[in-house]
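# Report on the structure
This is what each chain is made of:
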Amino acid sequence: MTGPVRTRFAPSPTGELHIGGLRTALFGWAFVQANGGEFVLRIEDTDRSRYVEGSVENIYEGLRWLGIEWNEGPDVGGPHGPYVQSERLDKYHAVADELRARGRAYRCYCTSERLAQLRKDQQKDGLAPGYDGRCRRLSDDEAEERARSEPFVVRFRMDRTGVTTFPDLIRGDVTFQNSLQDDFVILKTDGFPTYHLAMLVDDHDMEITHVIRAEEWLASGPRHLQLYEAMGWEPPRFAHLPLLVDRDGRKLSKRSGDVAALDYRENGYLPEAMLNFLAFLGWSLDDHTTHITAEEFSRVFTLDRVVPNPAFFDVERLDALNGHYIRALAPEAWCELVAGCLDRDLPAAVPRPLDRDLVTAVAPLLQERVARLGEVAGLVRFFFDLADYPASLLTERINGDTELAARTLDAALAALEGVTPEAWAPEPVEAALRSLQDTLDLKLRKFVSVLYVAIMGAPRGIPLFDSVALLGRDESIARLQAAREKLG
RNA sequence: GGCGCGUUCGUCUAGAGGCCUAGGACACCGCCCUUUCAAGGCGGAGAUCGCGGGUUCGAAUCCCGCACGCGCUACCA
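Rules behind the numbers
Residues numbered from 1 in each chain as written. Chains lettered and ligands numbered in written order. Predicted model: local features only at pLDDT ≥ 70, side-chain atom pairs only at ≥ 80, totals over all residues. Heavy atoms only, no water. Helix = DSSP H or I, 4+ residues; strand = E, 2+ residues; numbered from the N terminus. Buried < 20%, exposed > 50% of the residue type's maximum accessible area, 1.4 Å probe, protein only. Areas by Shrake-Rupley, 256 points an atom, 1.4 Å probe, with all protein chains shown as cover. Lys, Arg positive; Asp, Glu negative; His and termini not counted. Charge placed at Lys NZ, Arg CZ, Asp CG, Glu CD. Domains from an automatic or database assignment. Phe/Tyr/Trp six-rings, centres within 6.5 Å; stacked < 30°, edge-to-face > 60°. Near = heavy atom within 4 Å. Polar contact = N/O pair within 3.5 Å; in protein donor to acceptor, adjacent residues only side chain to side chain. Expected span 1.5 Å × (residues − 1). Arc of directions from axis to C-beta. Salt bridge = Lys/Arg side-chain N within 4 Å of Asp/Glu carboxyl O. Contact = heavy atoms within 4.5 Å. Pairing = 2+ DSSP bridges. Axes fitted to C-alpha atoms, helices over the stretch in contact; angles between N-to-C directions. Parallel < 35°, antiparallel > 145°, perpendicular 65-115°, else oblique. Left-handed = near helix turned anticlockwise from the far one by under 90°. Nonpolar A, V, L, I, M, F, W, Y, C, P; charged D, E, K, R; others polar.

## Section: the overall build of chain A
- Across its full length, chain A carries 20 helices and 11 strands.
- Referenced to the eigenvectors of the C-alpha coordinate spread, the extents of chain A come out at roughly 105 × 50 × 40 Å.
- Put simply, chain A has 488 residues, and 50% of those count as buried.
- For chain A, the exposed area adds up to about 23,000 Å²; of that, 48% sits on carbon and sulfur atoms.
- Computed over 57 positive and 77 negative side-chain charges, the separation of the two mean positions in chain A equals 6 Å.

Take a look at the structure:
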């Protein structure tokens, strides 16, 4: 194999970009970058019944979210276009004709009813389901004659002797008995090719050198190899990536939870976190690296460090990574993100635009407390309206000591009222609140939860002193009083 | 059912005959720090390397068998 490495990502526009597909794309892209080649994006829309409007745009956006770029594709063009299979039908027909001319393919007139019945009978008899080759025996004349009036598919004539062995770049040689293969469809009744034919033609035309796809395709390897052989074309190298599985160990699917790549963006995950997470699903750099950037990944990626076993899509790990990247964000960038999700997630009742100074002041307090952007609004909401809470919450962390809660609130009120409106700022507020340690003769940590609940409605949240300062004197005092009243 | 692939801490993985009394990370537990919660620091627990046979002075690493899991088995990709 000479020339530059060329690989492709070939999704079907049947809905939103699947997170597993994004992982496949990421690995293919990284492989190309690391080897200095070209990455091709191809849309496999040969199943007209499953086409979903908007899918292609969703695929573009999902890939771009992680910074995956393609050198050739439907939108950017390239020397091997078109890059949408429905626009390449003549090429598939030409190859199907050639295969028929070579005696490696034939028209099949069997109805889907007969096929269904055949499958049923085979299963009943404990046989492997598969086409029985009935139309293989049709004479040329008869096949030609019936083609004029009957719908037909074109099947590939599999060589059923011997074995097919091919080297998978990730798991080594894989061998299949050809006797177990059957004549599969390459051209459907509607004139569209099946995946097998389309892939063959396109990968050859587009000079793909490495096919990097998920393991679910491994079993169709013999079909593809025989197809290449029948056309006399050199097959590309194959690498079947381990599947991404859910908690039950099954291939990730809708019932596994969020499976649409962009849903993760919606749910507050940073692209650098998702890329880092995906990169280590089935691949590793060494015995200690756990963080990696797109730049490094695309420089050091090699297929020989991809493992063959399936990987559990563990969202807890994703969360940890996301928190890591949030903390690594520049303060200004973080502030922008906070402003964005506050604007989006805060209740509609909160008037917009939001107080920019407040947002700027609050953002730093959130940065190391949040793993997902979705948590932001919940931590900040109390600035705008305090949800009602039960009185018991005030004493939840002080062993239900109502008397201590009352003393704390009374002392806090007195201390804060001592801070004049003019002097109201973080430092004086902190000093006032810290003075409670002397007043109550207790460590701050012993009673501060009462104040958290009074101010935020929860015994935990962002730093208290800053929050009280930001909330303002009147509102803070009002909340402390309200809390005091709850205690009776 | 058939075929294929897979099987190292709960999870993702390191490991390519002796460096392994199996390493790292997430999660978990404890301590420290501390303005709650986090973050951070330190420490801990956690894998007889699916099981059983071999080969070898020596096996997580090589070979065979078994078990289990998953994938495929469409005129879907």
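## Considering the domain arrangement of chain A
- For chain A, the assigned domains are domain 1 (1–76 + 242–328), domain 2 (88–241), domain 3 (329–380) and domain 4 (386–488).
- Once you take the C-alpha centre of each, domain 2 and domain 4 turn out to be 74 Å apart.

## Examining the packing of aromatic side chains
- Using the criterion set out here, one finds 16 aromatic pairs in the structure.
- Ring centres of Phe156 and Phe184 lie 5.5 Å apart, and the angle between their planes is 40 degrees; this geometry places the pair in the tilted category. Here the residue Phe156 occupies a position in strand β4 (residues 153–156), and Phe184 occupies one in the loop between β6 (172–177) and β7 (185–187), the gap between them amounting to 28 residues. Each member of the pair, Phe156 as well as Phe184, carries the same accessibility label: buried.

## Description of the protein's contact with RNA strand B
- Taken together, the neighbourhood of RNA strand B is formed by 68 residues, with Ser12, Thr189, Glu368, Arg434 and Phe465 sitting nearest.
- Looking at RNA strand B alone, sugar and phosphate atoms form 72% of those within 4 Å of the protein.
- Contact distances for RNA strand B include 3.0 Å between a sugar or linking oxygen and a side-chain N or O atom of Asp47.
- The contact in question runs from a base nitrogen of RNA strand B to an N or O atom on the backbone of Asp287, over 3.3 Å.
- Breaking the surface near RNA strand B down by element, the ones donating at least two residues are β4, β6, β11 (311–312), α11 (315–328), α18 (444–456) and α19 (464–471).

## Digging into helix α4 (residues 112–124)
- A rise of 1.5 Å per residue sets the reference length of α4, with its 13 residues, at 18 Å; its end C-alpha atoms lie 18 Å apart and thus fit the reference within 8%.
- Buried within α4 are the following residues: Arg114, Leu115, Leu118 and Gln122. Viewed end-on, α4 has its buried residues packed into an arc of 100 degrees, placing them on one side of the element. Exposed positions of α4 whose direction lies more than 90 degrees from the buried face are Ser112, Glu113, Lys120, Gln123 and Lys124.
- One or two steps after α4, the chain reaches Gly126, where phi turns positive at roughly 70 degrees.

## Observations concerning the side chain of Arg473
- With respect to the secondary-structure elements, Arg473 resides in helix α20 (residues 473–486).
- No salt bridge is formed by the buried Arg473; the nearest opposite charge belongs to Asp474, separated by 4.5 Å.
- Within the structure, the side chain of Arg473 is placed 2.8 Å from the backbone oxygen of Glu417, a separation counted as a polar contact.
- Setting aside anything within four residues of it in sequence, one finds Arg473 in contact with Leu416, Glu417, Val419, Thr420, Pro421 and Trp424.

## Quick word on the environment of Leu281
- In this structure, Leu281 sits in the loop between α9 (271–279) and α10 (294–300).
- The sequence separation of Leu281 and Phe297 amounts to 16 residues, and the corresponding C-alpha distance is 13 Å.
- The contacts of Leu281, once residues within four sequence positions are left out, are Arg23, Phe27, Leu244, Ala311, Phe312 and Phe313.

## Some remarks on the sheet that holds β7
- One open sheet accounts for three strands, arranged β3-β4-β7; its pairing is antiparallel. A single partner strand is all that each edge strand has here, and the edge strands are β3 (105–108) and β7. Averaged over all neighbouring strand pairs, the angle between strand axes comes to 45 degrees, with direction disregarded.
- Pairing between β4 and β7: two bridges, direction antiparallel. In the strand pairing of β7, Val154 is matched with Leu187.

## Some words on the pattern of salt bridges
- Per the counting criterion, the structure on display carries 39 salt bridges.
- Among the salt bridges present, the one from Arg6 reaches Glu72, with a minimum N-O distance of 2.8 Å. Of this pair, Arg6 sits in strand β1 (residues 6–9) while Glu72 is found in the loop between α2 (55–65) and α3 (89–101), placing the two residues 66 residues apart along the sequence. Across the pair, exposure class does not vary: Arg6 and Glu72 are buried alike.
- The salt bridge involving Asp343 is made with Arg352; its shortest N-O contact spans 3.8 Å.
- Sharing partners across several salt bridges, the network here consists of Arg8, Arg42, Glu44, Arg88, Asp202, Asp203 and Asp205.

## What to know about the packing of α9 against α11
- At a closest axis distance of 8 Å, the pairing of α9 and α11 adopts a crossing angle of 135 degrees. One element, α9, and the other, α11, form an angle in the oblique class. Relative to α11, α9 is oriented so that their crossing is right-handed. Across the interface between the two elements, Glu272, Ala273, Met274, Asn276 and Phe277 of α9 pack against Arg317, Leu318, Leu321, Asn322 and Tyr325 of α11.
- Class assignment for the residues of the contact of α9 with α11 results in six nonpolar, two polar and two charged.

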